[in-house]
Amino acid sequence: MHSYRICGLSVTSDIELPGVSPVGPSPPDVEILEGGVPDTLERAVASGPNWTMAVDAFLLRIPGRADFLLGHGRTIRYRAGTGMASGDIAAFVMGNALGILLHQRGLVVLHASAVAVAGRAGLFLGPAGAGKSTLAAALCQRGYPLVTDDFCVAALDGKGAPVIHPDGRGTKLWSQAIAHLGLDGGIGPAVRGRINKFHVDPGIRSDGGGLTAGPVYVLREQRPSFQPGILRPNVVDAALLLEGAAFRPRVAARMGHQDRYFSLAAALGNHGGVFLLTRPMDFDRLAEGIDWLETHWAGLPGLAGAA
Amino acid sequence: MTAPWWLSSYPKSGNTWFRMLLATLEAGGGPIDINDPPDRDGIASARGLFESMTLLDTSLLTADEIDDLRPAVYRAWAAFEGDGHERARPRFVKVHDAYLATSRGEPLLGGAAAAAGAIVIVRDPRAVAPSLAHHLRLSVDEAISMMNDRDAALSSGLRGQTRQLRQRLLDWSGHVASWLGQGDIPVHLVRYEDLSTQPVAAFGAALAFAGVSVSDEVLARAVDYSSFSRLQAQEREKGFLEWQHSGRAGLFFRRGTCDGWKGELSDGQIRRIEMAHGPMMARLGYRKMEEGNG
């Protein structure tokens, strides 16, 4: 069995999870195990073309490849299709199943990368293709340790402050981004064979504990009607942006979790602030976008001296 | 809510122009902003649509694996009413994919359970070639080779994440034949050249096929507001975002002519196209050069 610490949870798995730092064993919060996956779920409350949601169970299917049964936010059971290697299953567990399981645990799960800035977690929210991982990797190169790469769990501590837990992973980058960032030296295995996306060692990772959330940036592509730069939206817009930035918003909505996202949005707004970062998507202008961020951080209370 | 209608075409055949006309009508017949048309997300191969319906990260799937799931996605989408997390899907959805079956033998686009029918827009392949070359930054000869290649595809994603899923095109003739020859859903054929020379009649007939009845007067006004020269003028003034995503220079609304290809193709290039696509060209009414092009 393999042991990991992901988003503040102790996870054990009967397959290795590439790209995630192994830790010593401890009583698991989440177990990943082969077998026991049914073809259908009864008493469905919601469904899609390849998934079914019941009260405490979620069936996610990738026809011909792998099926997953998520139970009570505690177990991820998998059934591998013909020809599927454990690396394929691991990729699907980390990229698809785990995020939904975290929703089952009632957690707020954001589609976000994050780096540590002056002891706080700076978040970058956006859908697939928004450039979250590339931006985080580039920030690591400038000395900001990686906290999360793809999705992150945000929870309120006893004093109502939002806390972000590291996902225990490195970055996953397309070969084009790796080349542009000059990260060929840190390239690891392909996330899934045949696809040009790879695990890349970020160089510096935030160690272990949760960090209080700092500024949150919702990534937006520059357009003729959008000014490039960093804007602070009003409270209502910020809450809507956060809800839309959930990992698999449809799942959060079907589970009736919207209120948690609004509460978290308020907490994030009060602590680090929620901002819109509008930037051009060219690799050539990535450094410029980071300059904007560092200038912004230099002016934010609580982050003085970060840049 | 009724199932959507596909707006199907080989690339560079007038699909965007047709959608601008639809957007103009939906906006009440007045001028629209080419960068903010009402149907912004209406393309079948949008990656975001697939991911939000399947809850899957497509960067972990091969194009073939994605294709195996696409029929179920489109069937579910046709029945989907929207849950506030995205707009209910638009009525007319652009498609560049050829009408093909997946490895599991299902129609890629979900068949009759996924759409009410298809408006198939075609254009003289001799006009498509230089437009395709410009759009994809190819030489005209390379564009013709692509149009002659049954394995051609858009957004193959070999270099990283693309905004859209892979769209297999077949060769130009095969693409048209696949749509006109499928028996799952009714089709209505529209020629780019008819949209250009008899717009009210051509648009009107296509809309009537889709159950949209519009007066000639409203149609004429919409046609005027989405005329090529107006679209091009907007692009010159403000840019056209769909095109700018690619970072390419030059205009998307480039020439918009029907017979401009005569000055853009060499005799050898014309012959290459006519030899490869003669039968389909004849079927669609595109006469070869020696016959005198009409």
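Conventions we followed
- Residues numbered from 1 in each chain as written.
- Chains lettered and ligands numbered in written order.
- Predicted model: local features only at pLDDT ≥ 70, side-chain atom pairs only at ≥ 80, totals over all residues.
- Heavy atoms only, no water.
- Contact = heavy atoms within 4.5 Å.
- Buried area = accessible area lost by both parts, 1.4 Å probe.
- Salt bridge = Lys/Arg side-chain N within 4 Å of Asp/Glu carboxyl O.
- Polar contact = N/O pair within 3.5 Å; in protein donor to acceptor, adjacent residues only side chain to side chain.
- Helix = DSSP H or I, 4+ residues; strand = E, 2+ residues; numbered from the N terminus.
- Nonpolar A, V, L, I, M, F, W, Y, C, P; charged D, E, K, R; others polar.
- Pairing = 2+ DSSP bridges.
- Axes fitted to C-alpha atoms, helices over the stretch in contact; angles between N-to-C directions.

**Q** I would appreciate a short explanation of the interface of chain B and chain A in the present structure.
**A** A common way to report how large an interface is uses the accessible area buried once the components associate. Across the contact, 32 residues belong to chain B and 34 residues belong to chain A. Between chain B and chain A, the buried area comes to about 2900 Å², and carbon and sulfur atoms account for 56% of it. Linking chain B to chain A there are four salt bridges. The closest approach of N and O atoms between Glu221(A) and Arg163(B), which form a salt bridge, is 3.3 Å. Our enumeration of links across chain B and chain A arrives at 10 residue pairs in polar contact (both at pLDDT 80 or more). Secondary structure elements with two or more residues in the side of chain B that touches chain A: α2 (47–54), α3 (63–79) and α11 (241–244) of chain B. It is α3(B) that contributes the most residues to the side of chain B that touches chain A, five residues altogether. Here the residues of the side of chain B that touches chain A are counted per class, giving 12 nonpolar, 10 polar and 10 charged.

**Q** Got a minute to help me understand the sheet that holds strand β15 (residues 171–174) of chain A in this structure?
**A** Paired through their backbone hydrogen bonds, the strands of a sheet run either parallel or antiparallel. All names here are of chain A. Strands sit in the order β15-β17-β16 across an open sheet of three strands; the sheet is antiparallel. Strands at the two margins of the open sheet, each flanked by one partner only, are β15 and β16 (187–190). Pairwise comparison of adjacent strand axes, ignoring direction, gives a mean angle of 40° for this sheet. Here β16 runs beside strand β17 (residues 197–200); their pairing, made up of two bridges, is antiparallel. From the neighbouring strand, alanine 190 faces β17, where its bridge partner is phenylalanine 198.

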